[in-house]
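Read off the chains here:
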Amino acid sequence: QLQIVESGGGLVQPGGSLRLSCVASTFTLEYYAYGWFRQAPGKEREGVSCISGNGVNRNYTDSAKGRFTISRDNAKRTVYLQMNNLQPEDTGVYYCAADSALRLLRQCNLRRSEYGIWGRGTQVTVSS
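Residues numbered from 1 in each chain as written. Predicted model: local features only at pLDDT ≥ 70, side-chain atom pairs only at ≥ 80, totals over all residues. Heavy atoms only, no water.

Draft legend 1. Molecular detail of the overall build of the protein chain. Within the protein chain one finds zero helices and eleven strands. When the helices and strands of the protein chain are listed from N to C terminus, the series reads β-β-β-β-β-β-β-β-β-β-β. Dimensions of the protein chain, computed from C-alpha atoms along their principal axes, come out at roughly 40 × 25 × 25 Å. Per-residue burial for the protein chain yields a buried fraction of 46% across its 128 residues. Across the protein chain, the fraction of contacts at a sequence separation of at least 24, relative to all contacts at a separation of at least 6, is 62%. (Helix = DSSP H or I, 4+ residues; strand = E, 2+ residues; numbered from the N terminus. Buried < 20%, exposed > 50% of the residue type's maximum accessible area, 1.4 Å probe, protein only. Contact = heavy atoms within 4.5 Å.)

This is the structure:
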């Protein structure tokens with residue numbers, strides 16, 4: 001079974017940038033849709049961005065639009081989340097999720113229930 005591991009989190013000042021990485025354990029990455037989710041203390045896990053299995057469709061939550069960019073490099077088995085102009089409200093544990101369901105091949109979504117494989121998360125803290 002596919003396993004995924006996130007990295008790239010850290011402490012950054014408001015207005016700063018981070019790039020999160022999600023590395024897959026298998027070379028079948030290209031058939032999987034990926035999502036990035038975050039969970040702030042005391043809040044539910046919410047979807048931030050996703051990319052479809054074919055890499056064409058990308059979606060973002062409203063707060064991420066214009067600031068975050070999701071991308072994938074199938075050769076490196078890695079999905080990235082470039083986060084710019086980070087704000088304190090972006091603080092939380094960021095999780096990468098994946099699923100090979102055909103419904104996600106051409107169009108992804110930000111519903112947690114759609115993704116069956118999850119990483120352990122990486123902490124992002126935005127603070128001055």
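Draft legend 2. Seen up close, the pattern of salt bridges. Going through the model one piece at a time under the given rule, you end up with six salt bridges. Lysine 65 serves as the salt-bridge partner of aspartate 62, at 3.2 Å between the closest nitrogen and oxygen. A salt bridge links arginine 103 to glutamate 114, with the nearest nitrogen and oxygen atoms 2.4 Å apart. You can see arginine 103 sitting in the loop between β9 (92-99) and β10 (117-118) and its partner glutamate 114 sitting in the loop between β9 and β10, a full eleven residues away along the chain. With relative accessibility at 52%, the residue arginine 103 sits in the exposed group. Connected through salt bridges with shared partners, the residues Arg38, Glu46, Arg67 and Asp90 form a single ionic network. (Salt bridge = Lys/Arg side-chain N within 4 Å of Asp/Glu carboxyl O.)

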